[in-house]
Amino acid sequence: MTTLILWLLDRTAPLFRALDADYGQLRAIVQVKLIMDNRRNIVSLGRYGKQSAENNNSFVRILLIYTVVGVVISLGMLAIPPQESLFLPLTLQFSYIMALCAMTLISDFSSVILDSSDNQIILPRPVGNRTLWLARVVHITSYLFGIALSLSVGGVLIVGYRFGPLAGLMFMALSLLSAVLMVFLTNLFYLVLMRFISEEKLREVINYFQILMAVLFYGGYQLLPRLIGSQDAISRIIDHQWWHYLVPPMWMAATVDVFVKPVLDVNHLIFAALALLMPVAGIWFMNRFLTTDFTQKLSDIDSERRPEATAFSAQQSPWGQTSWLEQLATWVTTNSLERAAFAFTWRVTGRDRKFKLKTYPQLGFGLAYVVAMSFQGGSLGSSGFFYLFALYFAGLYVMVAQYQLGISDNYKASWIYGSAPIQTPGAVLLGALKALILKLLLPFYVILASYILYRYGLDKISDVLLAFSNSLVMLVSSALLSTRYMPFSLAPDALKQNNTARGLLTSLILAVIGFSHYGLTFIPYGVWVATPLSVGIFFLLLQYYKKTAWSAIEMG
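So, here's what we can say about the structure.

Reading guide: rules and limits
Residues numbered from 1 in each chain as written. Predicted model: local features only at pLDDT ≥ 70, side-chain atom pairs only at ≥ 80, totals over all residues. Heavy atoms only, no water. Helix = DSSP H or I, 4+ residues; strand = E, 2+ residues; numbered from the N terminus. Buried < 20%, exposed > 50% of the residue type's maximum accessible area, 1.4 Å probe, protein only. Polar contact = N/O pair within 3.5 Å; in protein donor to acceptor, adjacent residues only side chain to side chain. Patch = residues over 30% accessible without salt bridge, like charges linked within 9 Å, V, L, I, M, F, W, Y side chains within 5 Å. Areas by Shrake-Rupley, 256 points an atom, 1.4 Å probe, with all protein chains shown as cover. Salt bridge = Lys/Arg side-chain N within 4 Å of Asp/Glu carboxyl O. Contact = heavy atoms within 4.5 Å. Axes fitted to C-alpha atoms, helices over the stretch in contact; angles between N-to-C directions. Parallel < 35°, antiparallel > 145°, perpendicular 65-115°, else oblique. Nonpolar A, V, L, I, M, F, W, Y, C, P; charged D, E, K, R; others polar.

## So, the side chain of Thr91
Here is step 1: By the element assignment, Thr91 lies in helix α5 (residues 87–107).
Here is step 2: Residue classification places Thr91 among the buried residues on the basis of a relative accessible area of 7%.
Here is step 3: At 2.8 Å, the side chain of Thr91 forms a polar contact with the backbone oxygen of Phe87.

Here it is as structure tokens:
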């Protein structure tokens with residue numbers, strides 16, 4: 001992959017010389033960055049993006065996965081609609097390509113764009129700002145071109161087969177221009193953020209943006225099949241309006257539409273001009289005006305990092321967040337060890353970006369699924385049983401957080417558990433579990449219950465309370481059935497993959513409890529009577545979990 005990129009780069013050397021860049025320096029920087037990328041894990045594909053050797057092919061595997069996904073989406077959106085109503089499907093196709101390129105830039109390449117580790121090597125040497133900036137752009141764009149091509153190969157073949165090779169080639173060219181446009185918009189996004197916030201806050205914003213994009217993608221996955229299945233949405237031609245000129249996917253769709261119909265009017269000419277000129281104009285604008293600012297901001301990151309860290313530490317005063325957290329821990333815990341574990345887990349889950357990236361999207365997925373299914377007629381979503389299914393099914397997503405509670409990149413610090421005089425490790429486990437319940441499970445169920453009550457009526461309040469109590473029972477039961485680890489004591493890859501039987505057992509128990517709850521709805525006051533019993537079982541299980549001895553703990 002690296003050899004191919006460098007070969008293509010050599011073919012375009014005159015272009016970079018025309019942009020006043022030192023091509024020899026640019027090629028050397030790009031080559032080193034590509035070699036270093038072979039040692040980096042790809043975040044967005046999880047275990048598929050993990051390296052296996054020095055010369056790993058993780059990116060090639062990712063491209064194959066994206067190709068399969070792109071072919072499936074293209075078949076659903078471009079193979080069926082007639083020629084005169086292809087504008088909407090094309091808009092959705094380019095929206096998907098642009099959104100995935102943007103998400104890849106922000107999730108996997110945010111550390112690359114904002115990487116200041118090479119400043120100490122490059123900046124003291126006679127390397128110009130434009131050369132350094134163009135090296136970053138080439139490095140990132142080379143990957144985005146691969147992603148855009150893999151996502152669009154299905155669309156290129158379908159459009160080319162149905163409407164001619166010229167339309168297919170235009171579709172491929174516009175997919176590449178979409179990637180270029182995303183590079184410009186993402187760099188602009190980072191420059192605006194760096195102008196107003198510090199590096200630490202910038203990384204927090206990127207983390208929450210990753211979470212939001214993951215939830216939006218899952219929501220789009222639930223929504224697109226229903227939109228595509230709507231005959232009105234597919235067969236109706238969208239009338240062009242003024243705000244369409246502000247939506248880049250519509251520029252690309254209308255340009256392809258010129259070759260599909262074919263048609264050539266004022267609206268399509270404006271769209272084509274925007275689609276072809278804006279990506280090039282964006283790169284020229286960045287090269288002309290933003291290179292100095294971007295390099296300077298990256299240089300400032302190094303100089304501000306240590307003072308920012310000091311200032312951040314100074315903000316953690318005993319009278320701020322610490323006071324109310326300790327007060328909350330005092331209310332919900334019974335001894336000092338449990339209270340310390342509660343506060344420790346609360347803080348770490350708020351600061352560990354990887355924990356939030358792996359946990360929060362799961363909760364968003366659960367909410368998106370419930371909302372999407374509740375509006376689907378003629379299926380489970382329209383049945384009277386669905387609100388109970390939603391309340392219990394969403395509880396499975398919370399168990400993901402409980403599963404992640406033992407994992408940390410800083411797992412080597414877990415030696416403190418063995419060196420500290422901890423006689424009852426169960427108190428540590430219980431304090432961590434209580435922090436998880438109050439910080440994640442309770443807010444999640446408040447949002448879910450609010451939607452259920454709004455959608456199905458306030459008379460479902462008893463079902464919400466019983467389902468919440470039963471979900472707490474299931475959470476503690478899952479912790480008891482699982483191999484028990486101390487909080488944040490395991491390497492990310494250390495968990496054994498033998499959890500299938502336990503997962504099936506947990507799902508079976510959850511189904512039995514859910515159907516039992518459904519049966520109680522036919523008994524007068526049955527739900528209200530069962531609620532205190534469920535609460536009592538929950539507290540009994542908590543006490544049993546608290547008695548966990550060292551012999552039941554498996555250290556990483």
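## Here's the deal with a nonpolar patch on the surface
Here is step 1: Where nonpolar side chains cluster on the molecular surface, the patch consists of Leu188, Val192, Phe196, Trp284, Phe285 and Phe289 and spans about 620 Å² of accessible area.
Here is step 2: At the level of secondary structure, the elements contributing two or more residues to the nonpolar patch comprise α9 (165–196) and α13 (266–315).
Here is step 3: Tracing the chain through its elements places Leu188 in helix α9.
Here is step 4: Its relative accessible area of 31% is what places Leu188 among the partly exposed residues.

## Some words on the side chain of Thr333
Here is step 1: Topologically, Thr333 is positioned in the loop between α14 (321–332) and α15 (336–351).
Here is step 2: Looking at Thr333, its side chain comes within polar contact range of the main-chain oxygen of Ala329, at 2.3 Å.
Here is step 3: Leave out the neighbours within four places in its chain, and Thr333 touches Glu338, Arg339, Phe342 and Lys434.

## Side note on the packing of α15 against helix α16 (residues 353–374)
In helix packing, the relevant descriptors are the interaxial angle and the interaxial distance, both defined with respect to the helix axes.
Here is step 1: Orientation of α15 relative to α16, taken along the N-to-C sense of each, is 85°, at an axis distance of 5 Å. Put simply, α15 runs roughly perpendicular to α16. Where α15 abuts α16, its residues Thr349, Gly350 and Arg351 lie against Arg353, Phe355, Lys356 and Tyr360.
Here is step 2: When the residues that make up the contact of α15 with α16 are grouped by side-chain class, the tally is 2 nonpolar, 2 polar and 3 charged.

Everything listed here is a matter of geometry and, on its own, says nothing about what the molecule does.
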